[in-house]
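Residue strings, one per chain:
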Amino acid sequence: MAEGAAEAPAESGDGGDSGASAPERGVAPIKAQYRTTKEQFHEFLEAKGQEKPSQETKAGDPGGNDLVEPESKRIRLEDGQTGEAAEPGEQPQVQKRARGQNKGRPHMKPTHYDKNRLCPSLVQESAAKCLFGDRCRFLHDVGRYLETKPSDLGPRCVLFETFGRCPYGVTCRFAGAHLGPDGQNLVQEERVQAPPVRNGLDKALQQQLRKREVHFERAEQALRQLSRGQMPAPAPAAELPKGTEAENAPGQDSGDTQALLGPDADGLPSGSVWTRGPLTDEDVVRLRPCEKRKCGNLPFRRICKRFGADVTCGEMAVCTSLLQGQTSEWALLKRHQCEDIFGVQLEGAFPDTMTKCAELLNRTIDVDFVDINVGCPIDLVYKKGGGCALMNRSAKFQQIVRGMNQVLDVPLTVKIRTGVQERVNLAHRLLPELRDWGAALVTLHGRSREQRYTKLADWQYIEQCVMAASPMPLFGNGDILSYEDANRAMQTGVAGIMIARGALLKPWLFTEIKEQRHWDISSSERLAVLQDFTRYGLEHWGSDTQGVEKTRRFLLEWLSFLCRYVPVGLLERLPQRINERPPYYLGRDYLETLMASQKADDWIRISEMLLGPVPPNFVFLPKHKANAYK
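Residues numbered from 1 in each chain as written. Predicted model: local features only at pLDDT ≥ 70, side-chain atom pairs only at ≥ 80, totals over all residues. Heavy atoms only, no water.

Considerations on the overall build of the protein chain
- In terms of helices and strands, the protein chain carries 23 helices and twelve strands.
- Residues counted as buried form 56% of the 630 residues belonging to the protein chain.
- The long-range fraction of contacts in the protein chain, counting pairs at least 24 apart against all pairs at least 6 apart in sequence, stands at 72%. (Helix = DSSP H or I, 4+ residues; strand = E, 2+ residues; numbered from the N terminus. Buried < 20%, exposed > 50% of the residue type's maximum accessible area, 1.4 Å probe, protein only. Contact = heavy atoms within 4.5 Å.)

Put into structure tokens, the structure is as follows:
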């Protein structure tokens, strides 16, 4: 199971003592005066946190795991056995945790939101009556709604302070900041401004897409030429921006924050480091489609832009879902005004849908480039012929690139891996073809689909691919967590670098690369970053109960990565490497120690500092990067 593999290095790092012994391979080298045992670590947090000790730490897990398993994850004993006592003469059987996918885990969105939900016609203060009349399933009695509404989470509303008006009115969890004496929603006319987010889905366009009334003249013409074997000549390559790219992180192939660095950085000698397994559980545990979303999102991209990311890219969007007008998929294309260079990333397996989707986006949204994700390794995409599977389907791959290039007025880029199988590299053969097909730029992740994150990225192979791609620019990606890593990457001759997982562990990595320094960021500064993310999340997802809890969910997902960061001042050797797990250590203050905890309860405690108390039925399942409700 992924969790056991992921935690093993951290467990072995402390060795059961104070940490005076030399750290093992795959474990971050923390100074001896800061290292501690697991028991002392959690005792410190419980004592300083002035809270009752967590029951799950006292219960004890036979595997030594910090996280208690949900009931549905534990092995069920047959015939009503409790497992509390063994038969005379028999050895007591140690109950093992079930391994693999937890099919019984809660995964649906909470339904209690709809029980006492106010009708949107009242929330939006519409002059027209509710179209559903007596059949409406929402409340129309504001007084009754206020009786069951939870108390406000704070005295200040981010939306009211930023935009002069809160569209959530009485349903806002900070409604006291903008409700008048008679319950009316106040407006600050001098602050009212246009929304800073672009690329929303127009309702009229959504209806046309659902009724299949949208025509794709350019796409159909390009597809006819491709079907007759008439390969259209690639359009003149548009000039690509230079600098640092951030594709929304969450740090995987379907939308992670990524950064590109120009070729003028100084380099350092390269070296190889042995790795100790995957960083994320998704590489080992198959997830439901509803759990595929990463931490990468618009609020996170705003954080990366603040720290120096030059180019941002949206999360991977499925072309068929976009053509169907699905609101959730179109939300992945939204662009904030601070994203001065922005692109979207598409996934698909067939030339017709990809070409039509490219034409649709070309005339409806504002982007600077469109990227084809041919690096996605997950089974859900691969088995349908998309993602990495296109690397073995050269005919379809060619038609997709040529067709999309014909209908786009912006550069077309492609993201690929080294190959599908671990020892069968394909990228060096595909790169010249992609250049001839019309791709303006290619990003190469230095791992195969089969390899995932079990080994280090192969930058020597990326260096070979630079020559194969020339004169087309090639960007490299993989294992960059410090400016030294970035310098070594630039020495391979790539035109730039893309940062994914590194931005999840420390989004200030962009500043470190640009300023060529290690930033010993304090815990208070890190908390300020989380506060900014929370504010951006409320602006983006809303300040009502649903928006607050969605912001909390993404915050908790991000904290499950941030806890792996080790402060610079605690390291014996700089820099921390991306494949190194932190052992248990006590930070320089309580907050720094709390941020190092890998317990979901402590992540929730941090979220309560920023978003108020969690609902009483709130449960966070960190192994699958998703929260759930009992």
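Quick word on the pairing of strand β6 (residues 369-374)
- Across the six residues that make up β6, a large majority, six, are buried.
- A two-sided burial pattern is seen for β6, the buried positions comprising Phe369, Asp371 and Asn373 on one face and Val370, Ile372 and Val374 on the other.
- Bridge analysis of β6 against strand β7 (residues 412-417) gives five bridges, and the strand direction is parallel. Bridge pairing links valine 374 to isoleucine 416 in β7. (Pairing = 2+ DSSP bridges.)

Describing the pattern of salt bridges
- Going through the model one piece at a time under the given rule, you end up with 27 salt bridges.
- Here arginine 302 and glutamate 539 are joined by a salt bridge, their closest N and O atoms 3.0 Å apart. Note that arginine 302 is positioned in helix α9 (residues 298-306) and glutamate 539 in helix α20 (residues 523-541), a separation of 237 residues in sequence.
- We classify arginine 302 as buried; its relative accessible area is 13%.
- Residue class for glutamate 539 comes out buried when judged on its relative accessible area of 17%. (Salt bridge = Lys/Arg side-chain N within 4 Å of Asp/Glu carboxyl O.)

A look at the nonpolar core
- Counting 128 residues, the largest nonpolar core has Met404, Ile416 and Leu530 as its most contacted members.
- The next biggest cluster of nonpolar side chains, apart from the first, holds five residues, and it includes Val123, Leu139, Tyr145 and Val170. (Core = buried A, V, L, I, M, F, W, Y, C linked by side-chain atoms within 4.5 Å.)

Things to note about the state of the cysteines
- This structure, assessed with the given rule, holds zero disulfides.
- Left unpaired, cysteine 157 is separated from the closest cysteine sulfur, that of cysteine 172, by 3.8 Å.
- Classification of cysteine 157 as buried rests on a relative accessible area of 1%. (Disulfide = S-S within 2.5 Å.)

A look at unusual backbone geometry
- The linkage connecting serine 470 with the following residue, proline 471, adopts the cis geometry, with an omega of 5 degrees.
- Considering the arrangement of structural elements, one finds proline 471 in the loop between α16 (459-469) and β9 (474-477).
- Residue leucine 574 is joined to proline 575 through a cis peptide bond whose omega torsion reads 0 degrees.
- Backbone geometry places aspartate 479, a non-glycine residue, at a positive phi of 65 degrees.
- Relative to the elements of secondary structure, aspartate 479 occurs in the loop between β9 and α17 (483-490).
- Its relative accessible area of 15% is what places aspartate 479 among the buried residues.
- Residues other than glycine seldom take positive phi values, yet glutamine 516 does so here, at roughly 55 degrees.
- Along the chain, glutamine 516 turns up in the loop between α19 (509-515) and α20.

So, α9
- Here α9 lies mainly inside the structure; eight of its nine residues are buried.
- Every buried residue of α9 is listed here: Leu298, Pro299, Phe300, Arg301, Arg302, Ile303, Cys304 and Lys305.
- Measuring from the backbone nitrogen of phenylalanine 300 back to the side-chain oxygen at the start of α9 gives 2.9 Å, which picks out asparagine 297 as the cap.
- Once α9 ends, the next one or two residues include glycine 308, with phi positive near 120 degrees. (Polar contact = N/O pair within 3.5 Å; in protein donor to acceptor, adjacent residues only side chain to side chain.)

Structural notes on the packing of helix α8 (residues 217-227) against helix α12 (residues 351-364)
- For the pair α8 and α12, interaxial distance at closest approach is 8 Å and the crossing angle is 150 degrees. Classified by the angle between their axes, α8 and α12 sit roughly antiparallel to one another. Note that α8 runs across α12; the crossing there is right-handed. Contacts between α8 and α12 involve Glu217, Arg218, Ala219 and Leu223 from the first element and Pro351, Asp352, Thr355, Lys356, Glu359, Asn362 and Arg363 from the second. (Axes fitted to C-alpha atoms, helices over the stretch in contact; angles between N-to-C directions. Parallel < 35°, antiparallel > 145°, perpendicular 65-115°, else oblique. Left-handed = near helix turned anticlockwise from the far one by under 90°.)

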